[in-house]
Amino acid sequence: MIEVKQLGKVYPGKVTEQPLTDVNFRVEEGEMVAVMGPSGSGKSTLINLLATLDEPSWGSILIDGVDTATFKRKEMTRFRRETLGIIFQEFNLLDSLTLGENMLVPLMLSGKKAKLAREEMEQLARRLQIDDLLDKQVDEVSGGQRQRTAIGRALIHTPRLILADEPTGALDFQATKHVMDVLAELNATGMTMVIVTHDPQVASYCNHVLFLKDGSVQTELFRDEPRRIFFQRVIESLSLLGGDEHQLSAIRPT
Amino acid sequence: MSINYLQYALRNIRRYQRLYYGYALTIIIAMTIVTSYWNLLTNGSFQNVAKILSQLNQVIEMTILFVFIAELIILFFSILFIYSTTYTMLEHRKNDLRTMRTLGSGLSHFLKYFLIEVLIVGGLAITAGMILGNVLTKMLLLSVVKIMFLPPIEFELSFYAILALIGGAFLVLLIATVLAIYRFRPDRPVRSRSLFRRRVWILTQVLALLLLIYGYVLAFVRMYGFYMLFPLVIFIGSFFICRYILPWLIQLYRPCRLSLRKLIVSEIANQLRTNSTLIALGTILTSCALTAVGLVFLFQLIGLDLSSQNQFGLVYYEESAQPTKRLKDIKQTMTDAFPDRYQQDIEVKAEGKRIFLPISAYNKMMRQLHLEERTANGRQSFFVPARPVQLEENTPTMKKAEQAMKQEGFKLLSPSSHDLVFGYNYQIETIFVVSDAVFPTLKQPVRQIVVFDTPAYHDYGTRDWKQWMKIVRNIQSAAKLDEKQPVPYQLINETEDEIDGIRIVRLVTFVVILLTIWLFVINASFLHVWMQMTAEQEQKRMKTLFALGFGSRNIRRYLLMKYGAVLLIPYLISVFHAFLLFQVVVTQAGLEMKPFLNLAVFWISIVTVGYFLSVLPIWLRYPRHLFRKSSESSMYPTPNSRV
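Rules of the game
- Residues numbered from 1 in each chain as written.
- Chains lettered and ligands numbered in written order.
- Predicted model: local features only at pLDDT ≥ 70, side-chain atom pairs only at ≥ 80, totals over all residues.
- Heavy atoms only, no water.
- Buried < 20%, exposed > 50% of the residue type's maximum accessible area, 1.4 Å probe, protein only.
- Helix = DSSP H or I, 4+ residues; strand = E, 2+ residues; numbered from the N terminus.
- Pairing = 2+ DSSP bridges.
- Right-handed = clockwise from strand over helix to strand, strands pointing away.
- Contact = heavy atoms within 4.5 Å.
- Buried area = accessible area lost by both parts, 1.4 Å probe.
- Salt bridge = Lys/Arg side-chain N within 4 Å of Asp/Glu carboxyl O.
- Nonpolar A, V, L, I, M, F, W, Y, C, P; charged D, E, K, R; others polar.
- Patch = residues over 30% accessible without salt bridge, like charges linked within 9 Å, V, L, I, M, F, W, Y side chains within 5 Å.
- Areas by Shrake-Rupley, 256 points an atom, 1.4 Å probe, with all protein chains shown as cover.
- Lys, Arg positive; Asp, Glu negative; His and termini not counted.
- Charge placed at Lys NZ, Arg CZ, Asp CG, Glu CD.
- Phe/Tyr/Trp six-rings, centres within 6.5 Å; stacked < 30°, edge-to-face > 60°.
- pLDDT = per-residue confidence, 0-100.
- Axes fitted to C-alpha atoms, helices over the stretch in contact; angles between N-to-C directions.
- Left-handed = near helix turned anticlockwise from the far one by under 90°.
- Core = buried A, V, L, I, M, F, W, Y, C linked by side-chain atoms within 4.5 Å.
- Domains from an automatic or database assignment.

- Labelled according to an unreviewed UniProt entry, chain A appears under the name Bacitracin ABC transporter ATP-binding protein, originating from Exiguobacterium indicum.

With respect to the pairing of strand E8 (residues 192-196) of chain A
All names here are of chain A.
Right, on to step 1. The buried fraction of E8 amounts to five of the five residues, a majority that puts the element mostly inside the structure.
Right, on to step 2. Across the two faces of E8 the burial is the same, with Thr192, Val194 and Val196 and Met193 and Ile195 all buried.
Right, on to step 3. Examined bridge by bridge, strand E3 (residues 32-36) and E8 share four bridges and lie parallel to one another. If you follow Met32 over to E8, its bridge partner there is Met193.
Right, on to step 4. Relative to E8, strand E7 (residues 161-165) is paired through five bridges, and the arrangement is parallel. Counted as the bridge partner of Leu163 is Val194 from E8.
Right, on to step 5. For the segment spanning E7, helix H6 (residues 173-188) and E8, crossover handedness is right-handed.

Quick notes on the interface of chain B and chain A
Right, on to step 1. Contact with chain B, which involves 26 residues of that partner, is made by 30 residues of chain A.
Right, on to step 2. Buried surface at the junction of chain B and chain A, both sides included, amounts to about 2,700 Å², of which 59% is carbon and sulfur.
Right, on to step 3. The interface formed by chain B and chain A includes two salt bridges.
Right, on to step 4. Residues Arg11 of chain B and Glu101 of chain A are paired through a salt bridge, measuring 2.2 Å at the closest nitrogen-oxygen approach.
Right, on to step 5. When residues of the side of chain B that touches chain A are traced back to their parent elements, those giving at least two are helix H1 (5-15) and helix H5 (94-102) of chain B.
Right, on to step 6. For the side of chain B that touches chain A, the class distribution of residues is eight nonpolar, ten polar and eight charged.

Here's the deal with helix H1 (residues 43-50) of chain A
Residues and elements named next belong to chain A.
Right, on to step 1. Counting buried positions over the eight residues of H1 gives six, a clear majority of the element.
Right, on to step 2. Regarding H1, the residues found buried are Lys43, Thr45, Leu46, Ile47, Leu49 and Leu50.
Right, on to step 3. Thr52 occupies a position one or two residues after H1 and carries a positive phi of about 60 degrees.

A short note on a negative patch on the surface
Right, on to step 1. On the surface, a cluster of negative charge is contributed by Glu119, Glu122, Asp131 and Asp132 of chain A.
Right, on to step 2. Position of Asp132 of chain A among the secondary structure elements: in the loop between helix H4 (114-127) and helix H5 (143-155).

Things to note about a nonpolar patch on the surface
Right, on to step 1. A cluster of nonpolar residues, Ile202, Leu203, Val206, Leu207, Leu209, Leu210, Ile213, Val217, Val221 and Met223 of chain B, forms a patch on the protein surface that exposes about 920 Å² of accessible area.
Right, on to step 2. Note that Leu207 of chain B resides in helix H8 (residues 195-220).

Considerations on the packing of aromatic side chains
Residue and element names in this part refer to chain B.
Right, on to step 1. All told, the structure shown has 20 aromatic pairs over all chains when counted by the stated rule.
Right, on to step 2. Geometrically, the ring pair formed by Tyr8 and Tyr113 is edge-to-face, given 5.0 Å between the ring centres and 75 degrees between the ring planes. Linking Tyr8 in helix H1 with Tyr113 in helix H6 (residues 107-147), this pair joins segments that are 105 residues apart in sequence.
Right, on to step 3. Since its relative accessible area comes to 2%, Tyr8 is described here as buried.

Some words on the environment of Ala125 of chain B
Right, on to step 1. Tracing the backbone through its elements, the reader meets Ala125 of chain B in helix H6.
Right, on to step 2. For Ala125 of chain B, a relative accessible area of 2% translates into the label buried.

Considering the side chain of Lys562 of chain B
Right, on to step 1. Relative to the elements of secondary structure, Lys562 of chain B occurs in helix H17 (residues 552-588).
Right, on to step 2. Among residues more than four places away in sequence, those in contact with Lys562 of chain B are Ile264, Glu267, Ile268, Gln271, Glu538 and Arg541 of chain B.

Digging into the confidence of the model for chain A
Right, on to step 1. The predicted model of chain A has a mean per-residue pLDDT of 84, with 94% of residues at 70 or higher.
Right, on to step 2. Ignoring residues within four places in sequence, the model shows residues 245-254 of chain A, a span with pLDDT below 50, making 19 contacts including any to other chains.

What to know about the packing of helix H10 (residues 260-274) of chain B against H17 of chain B
Residue and element names in this part refer to chain B.
Right, on to step 1. Contact geometry of H10 with H17 gives a least axis separation of 10 Å together with a crossing angle of 35 degrees. Handedness of the H10/H17 crossing: right-handed. Across the interface between the two elements, Leu260, Leu263, Ile264, Glu267, Ile268, Gln271 and Leu272 of H10 pack against Asn554, Arg557, Tyr558, Met561, Lys562, Ala565, Val566 and Ile569 of H17.
Right, on to step 2. For the contact of H10 with H17, the per-class residue count stands at ten nonpolar, two polar and three charged.

Digging into the nonpolar core
Right, on to step 1. One finds Leu183 of chain A together with Tyr23 of chain B to be the most contacted residues of the largest nonpolar core, which totals 181 residues.
Right, on to step 2. In this structure, this core is formed jointly by two domains, domain 1 (1-191) and domain 2 (194-310 + 498-643) of chain B, each of which donates at least three residues.
Right, on to step 3. Leaving out residues up to four positions away in the same chain, Tyr23 of chain B has contacts with Phe81, Ile82, Thr85, Thr86, Met89, Val118, Val121, Leu173 and Thr177 of chain B.
Right, on to step 4. Counting 30 residues, the second-largest nonpolar core is a separate cluster that includes Met1, Val33, Leu46 and Phe79 of chain A.

Concerning the pattern of salt bridges
Right, on to step 1. If you walk through the whole model with that rule in mind, you get 17 salt bridges over all chains.
Right, on to step 2. In this structure, Glu29 of chain A and Arg160 of chain A form a salt bridge, with 3.3 Å as the shortest nitrogen-oxygen distance. Remark: Arg160 of chain A occurs in the loop between H5 and E7 and Glu29 of chain A occurs in the loop between strand E2 (17-27) and E3; sequence separation between them is 131 residues.
Right, on to step 3. Given the relative accessible area of 34%, Arg160 of chain A is considered partly exposed.
Right, on to step 4. We note a salt bridge from Glu117 of chain B to Arg93 of chain B, for which the minimum N-O separation is 2.6 Å. One end of the pair, Glu117 of chain B, is in helix H6; the other, Arg93 of chain B, is in the loop between helix H4 (58-92) and H5, with 24 residues separating them in the sequence.
Right, on to step 5. By relative accessible area, Glu117 of chain B is classed as buried at 0%.
Right, on to step 6. Residue class for Arg93 of chain B comes out buried when judged on its relative accessible area of 3%.
Right, on to step 7. Shared partners join several salt bridges into a network, and the residues in it are Glu3, Arg26 and Glu28 of chain A.

Focus on the environment of Cys288 of chain B
Residue and element names in this part refer to chain B.
Right, on to step 1. In this structure, Cys288 sits in helix H11 (residues 276-305).
Right, on to step 2. Here the alpha-carbon distance between Cys288 and Thr516, two residues 228 residues apart in the chain, equals 7.9 Å.
Right, on to step 3. The residues contacting Cys288, other than those within four sequence positions of it, are Phe77 and Leu519.

Quick notes on unusual backbone geometry
The phi angle of most residues is negative, glycine excepted, and most peptide bonds adopt the trans form.
Right, on to step 1. Phi at Gln6 of chain A is positive, roughly 45 degrees, even though this residue is not glycine.
Right, on to step 2. Looking at Gln6 of chain A, the relative accessible area reads 51%, which means it is exposed.
Right, on to step 3. Positive phi is not limited to glycine here, since Arg222 of chain B has a value of about 60 degrees.
Right, on to step 4. The topology assignment puts Arg222 of chain B in the loop between H8 and helix H9 (226-251).

Side note on the confidence of the model for chain B
Residues and elements named next belong to chain B.
Right, on to step 1. The predicted model of chain B has a mean per-residue pLDDT of 76, with 76% of residues at 70 or higher.
Right, on to step 2. Within chain B, the lowest mean pLDDT, 38, falls on strand E8 (residues 489-494), and the highest, 90, falls on strand E5 (residues 411-412).
Right, on to step 3. The low-confidence segment residues 460-464, where pLDDT is below 50, has seven contacts with residues more than four positions distant or belonging to other chains.
Right, on to step 4. Throughout residues 484-498 the model reports pLDDT below 50, and contacts reaching past four residues in sequence, or to other chains, amount to 74 contacts.
Right, on to step 5. Scoring of the predicted complex yields 0.68 for pTM and 0.82 for ipTM.

Listed below in C-alpha cells is the structure:
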C-alpha cells in the first residue's frame, strides 16, 4: 500500500536540520507497522511526510502506486479526509468541542448527514467504551479517555490507513494496553497502520517494525512468532542499535 | 448530538472570546463613528441647512473634506486592525488549525467555519456600532446645531444610505479577513523563506532605510517635501528604531554584575525586536492622533485669522414675479431686526442658474453701498462674481455661461471686481449685468431678488455672540431655512467670515475628537490582542524567574517596567516624529518656533493624557494578572492563562 523510496527531508535555516537522509521501506495492505528510533531520528518527520502534511526534499512516497508529490492541494486534502486517520501523542482534541463532537468533526468535513453521523459515532464510542462520556468537555476526562476519543475521531470515517504518532506516549500502562488492544482489533479487520513509538511493548503488537537511526532505516523486523517473543527481539534490536534506557522510555521528553 | 459548521464556529467564539473582546470593541467604536459621519453626509436636512447658511460654501466643503479624511483614516486602520488581529488569532489557534488540517480540512472548509465565526462577531459588532452610531448622530446633530449656530435639523435615515453603509462595512470585514487568511493559509505546508524572498526583504529594508534618512534630512532642514514622506517616515522610523536602533543601544548597557536591571533592559530589547511591526503600527496610530490634534490647533490659528469685519446681508431669491407670503414674512422680520437698513427689490431674468440683472438695478445697489457704478450699452454685459474668489476660478459652469452669453451675441466686458458677496448656491451660480435696453427683450422668465442691507454684528452694537445669533435664528426661522424646498429658495448672504472660521474650527475639533478616541481605542485593542498572544510565553518566563529565586517585589518591578517601556516607547517615538512635523509646519508658515513651543507642549500634553488613559488599564491589569497566574503552584503555564 505504501512504498517509500530514497526519502529525505531537510529543514533549512540558521541551523540546517536533516532528520531524514535516505529512507526506503514498503508497507503492505493490512499490515501493522511500528517505526522506532531514538529522539531526533526522524520518526515524526516521517509521519508528517506520509500524512502529506509536509513535502519531502527528495525521494518519493507512493500510496497505492501514486506518488504523493503529484497530488494537488485538493487531492491531498481529500486523501487525508477519506483515506487517512491520524492519532497524535498529545491527542490534539479540539477543546472547544465535547468528546462526541470531536469524533464527529471528520464527518462534518465530509458533509455526512447529521443523523447517520451520530449513529456511527455512538456505535464507535460503545466499541471504544467512551459512550457515556460523549457530552463531556475535553478537560473533564482522563488521558486514556482522551486518547480513545482521538482514536474514535481517526476511525469514524473508516480510513484505509491509520498513522499514529506516539499514540500511547502520554498514557499509563493500563490505558496503553487498552488502546493497543483496540488498534490490534482494528488491524485484524484489515486496516493498515503505521505507528511511531518509543515503546517496545507497543511495537510488539505490530507485525513489522522499522528501526530508524541517523535519518535512515537501520533494520527491519517481521513478526512470525508470539507477541512475547517478538517483544524480546525488539528489545534485542534496540540494544544492537545502541539503544539505552532513555530510548526505551515510553514517555518522550517534551 | 451533532456538529455542523455553525455550531463549531459558535463554540470557537466562546472558546476565544477574550481575543474577540478587543476585536468587537474596536469594530463597534469604528462603526459608531463611521455611522454618525455617514449620517451627517447623507442627511438631506443637514446638507440643505449647511448649503443655505454657508453661501461661501466653505463650511460644507470643509465638512465633507474632513469627514472624508476621517472616514479614510478609519477605513485604513480598520482594514489594518482586522487584518492583523485575524492573523494574530490564527497564529494563536495554530494547533487547532493543524489538527483540522490533519483531519482533512481544506481551505474551503476552513473558510466556511472561520468566516461564519468572523461574520457572527463582526456582524453583531457592526449592528451594535450602527445602533450606537445613530444615537450618536442624534446627539451630534443637537450639538452641531448648538455649536454651529444652525436652525434645528431633522434626523433622517435613508434606506439606501444604511444599505450602502452595511454593505461597505461587511466588505471591509471580508477583505481584511480574507487577506489575513490568505497570508496564513492553514492548508499549506510550512515553508521556509526562499533565498529570493530573503533578498527582496533585505533590498526592501535598505530602500526603506534610505527613504527614512532622506525623510529625516528633509525634516531637519525643514523642507516642504517632508509632508509627503511623513506617513512613511513614522512607519519606517518606528520599525527601525524598535527593531535595530534601540536593541543595539541596549546592548551597550553592560553592568559589572548581572542584576534585575540588566534582565529588564534585555527583556525590553527583546520585546522591541520581536514585536517591531506591532510597535510600528501603534506608533502610526499615536502619530495620527497627535497629527489630528495638532490640526485642530492649526485650524484654531487659521480660524481666528479669518476674522474680518465684513457686512452681513441677506439676498432673497424667488422664482416668481409675484411676492409670496414667505417674502412678506422675511421682509417683516428684517424690518423688525434692522429697521433703518436699506432694502431693494430687483427684477431679474433667469435661465437655469444664469441670472440677468439690469444695469440700473445694479448701479442703484452700488450707489447705496458707495461702490463704483458701471455702464453697459447695447449688447454689452459683464460678469458679477457671486463671491470675490470666483474671479480667480474658472469652473465649467462659468465657462459654459460665458460661452452661452457669447452665442447670444453679448460682448463681455471685464467682470466687476468689488468685494460684494452675492448668493452662491445651486440657484444662483452666475450673474450677468446687461443694459436696460436689452433686458426687456430677453425671453427668459422674470424672477425677483430682494437685497437686504444688514450690519455686521460689531456695527449692530452688540458684542454678545448669543444675542447676535438670536437675531440670525429669527431670520432663519422666518425663512423656514430647515425645510427642504427647491423653490422659492433663499440665501443668507453671510459674509461674516468669522462665523465660518469658527464653524470650521469647531467642526474639525468635533471630527478630530471622535477620530482620536477611536485611534486610542484601536491602539489599546492592538496591545490587548498582543498581550493575549504572549501570555503563555510570559508565564513560562515568570515561572523561571520564580524558580531562579527572584522575589515577588522584584518580579512585580520587572513586569511593570518591562510593560511600561513597551507601552511607552511607541508613544515617545510618535512624539518625536510629530515634533518633526510641527517644526516643519511652523517654519514653512514663515513663523518662529519659540512662540509656538508652549502651544506644542499643550498639544502634546492633551494627547499624552489620552494615550495614558487608553493604555493604563492594560499596563496595570496585565502585569498583575500575569503575576497572579505565575504564582500558582504548577510548574507549567495554566491553560487559561490569557488575560
